[in-house]
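A closer look at the structure
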Amino acid sequence: MKKTINKDLTLFFTANYPRFIKKNSNKRYLITIGIGGNIGNTKQLFDKLFLCLLKDSRFDLLETSPLLLNPPFGYLHQNYFLNGIIRLKSNLCANDLLKVMQRYEKKFGRKRSFQDAPRTLDIDIIFFDNKKINTEKLIIPHKDWANRESVIIPLKHFK
């Protein structure tokens, strides 16, 4: 099912997005990640990522948002992006989480050619518990998240 918000924004509802998976977790940190992509069959790739995260014992998946089709920003000469939000829990520290997410990006074909380039999969750590981190490699909360429709609109669908 899809719901058109305006000429540039469309929400998609699939079997895994949105989905409420687990209410309770003994893991330590509540984490919100943003996922995005605009190369290949992004919905299928997101489903594969969902299954990988579900099977990964380092994570307890809690819920996912619907997927938002939206225009690119920065480099504009590319396809629209599909974006979503995943909330999960983990005992990994923020830097270890970053490394794991970068491995998932690579596994699903991410190549880093230039800033805001087209990509198969982008995973951003939006929130990590209530922590604020500002290092060369990691900024949490994610820079400028509150001004991105690709984050705000999917977040509104969480319980």
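Residues numbered from 1 in each chain as written. Predicted model: local features only at pLDDT ≥ 70, side-chain atom pairs only at ≥ 80, totals over all residues. Heavy atoms only, no water.

Here we come to the pattern of salt bridges. Across all of its chains, the model carries seven salt bridges by this definition. In this structure, the salt-bridge partner of Asp 8 is Lys 7, at a minimum N-O distance of 3.4 Å. What makes Asp 8 partly exposed here is its relative accessible area of 25%. The class of Lys 7 is exposed, set by a relative accessible area of 77%. (Salt bridge = Lys/Arg side-chain N within 4 Å of Asp/Glu carboxyl O. Buried < 20%, exposed > 50% of the residue type's maximum accessible area, 1.4 Å probe, protein only.)

This part is about the packing of aromatic side chains. Two aromatic rings are characterised by how far apart their centres lie and by the angle between their planes. Following the criterion strictly, the structure yields four aromatic pairs and no others. The interplanar angle of 40° and the centroid separation of 4.7 Å between the aromatic rings of Tyr 29 and Phe 128 together place this pair among those described as tilted. Residue Tyr 29 is located in strand β4 (residues 29–37), and its partner Phe 128 is located in strand β8 (residues 122–128); the two are separated by 99 residues in the primary sequence. A single burial state applies to Tyr 29 and to Phe 128, both of which are buried. Their ring planes at 80° and their centres at 4.8 Å tell us that Phe 127 and Trp 145 sit as a pair that is edge-to-face. (Phe/Tyr/Trp six-rings, centres within 6.5 Å; stacked < 30°, edge-to-face > 60°. Helix = DSSP H or I, 4+ residues; strand = E, 2+ residues; numbered from the N terminus.)

We now examine the nonpolar core. The biggest cluster of nonpolar side chains holds 33 residues, and the ones touching the most others in it are Ile 33, Ile 35, Leu 53, Phe 59, Met 101, Tyr 104 and Ile 125. Among the elements of the structure, β4, α1 (42–55), β5 (59–64), β7 (81–90), α2 (94–107) and β8 are those that each provide at least two residues to this core. Leave out the neighbours within four places in its chain, and Phe 59 touches Lys 27, Leu 53, Leu 88, Lys 89, Ser 90, Leu 92, Leu 97, Val 100, Met 101 and Tyr 104. The next biggest cluster of nonpolar side chains, apart from the first, holds five residues, and it includes Ile 85, Ile 126, Leu 155 and Phe 158. (Core = buried A, V, L, I, M, F, W, Y, C linked by side-chain atoms within 4.5 Å. Contact = heavy atoms within 4.5 Å.)

The next thing to look at is unusual backbone geometry. A negative phi angle characterises most non-glycine residues, just as the trans form characterises most peptide bonds. Note that the residue after Tyr 17, namely Pro 18, is joined by a cis bond; omega there is 0°. Here Pro 18 is to be found in the loop between β2 (9–12) and β3 (19–20). The omega angle of the peptide bond from Ile 140 to Pro 141 is -5°, so this bond is cis rather than trans. Here Pro 141 is to be found in the loop between β10 (139–140) and α3 (149–155). Phi is positive for Asp 129, close to 55°, though the residue is something other than glycine. With respect to the helices and strands, the residue Asp 129 is situated in the loop between β8 and β9 (133–134). Unlike most non-glycine residues, Asp 144 shows phi in positive territory, near 65°. Overall, Asp 144 belongs to the partly exposed group, its relative accessible area being 41%.

Right, let's get into α2. Over its 14 residues, α2 extends 20 Å from the first C-alpha to the last, a length consistent with the 20 Å expected when each residue adds 1.5 Å. All buried positions along α2 are accounted for by Ala 94, Leu 97, Leu 98, Val 100, Met 101, Tyr 104 and Glu 105. Within α2, the buried residues cover an arc of 165° as seen down the axis, which keeps them to one side. Residues Arg 103, Lys 106 and Lys 107 are exposed on α2 and point more than 90 degrees away from its buried face. On its buried face, α2 sits against β4, α1, β5, β8, β9 and β10. Positive phi appears at Gly 109, one or two residues downstream of α2, with a value of about 90°. (Expected span 1.5 Å × (residues − 1). Arc of directions from axis to C-beta.)

Turning next to the environment of Asp 96. By secondary structure assignment, the location of Asp 96 is in helix α2. A sequence separation of ten residues divides Asp 96 from Ile 86, and the C-alpha atoms of the two residues are 18 Å apart.

Right, let's talk about the confidence of the model for the chain for a bit. Summary statistics for the chain give a mean pLDDT of 94 and a share of 99% for residues scoring 70 or more. Averaged over each element, pLDDT in the chain is lowest for strand β1 (residues 2–6) (93) and highest for strand β6 (residues 67–70) (98). (pLDDT = per-residue confidence, 0-100.)

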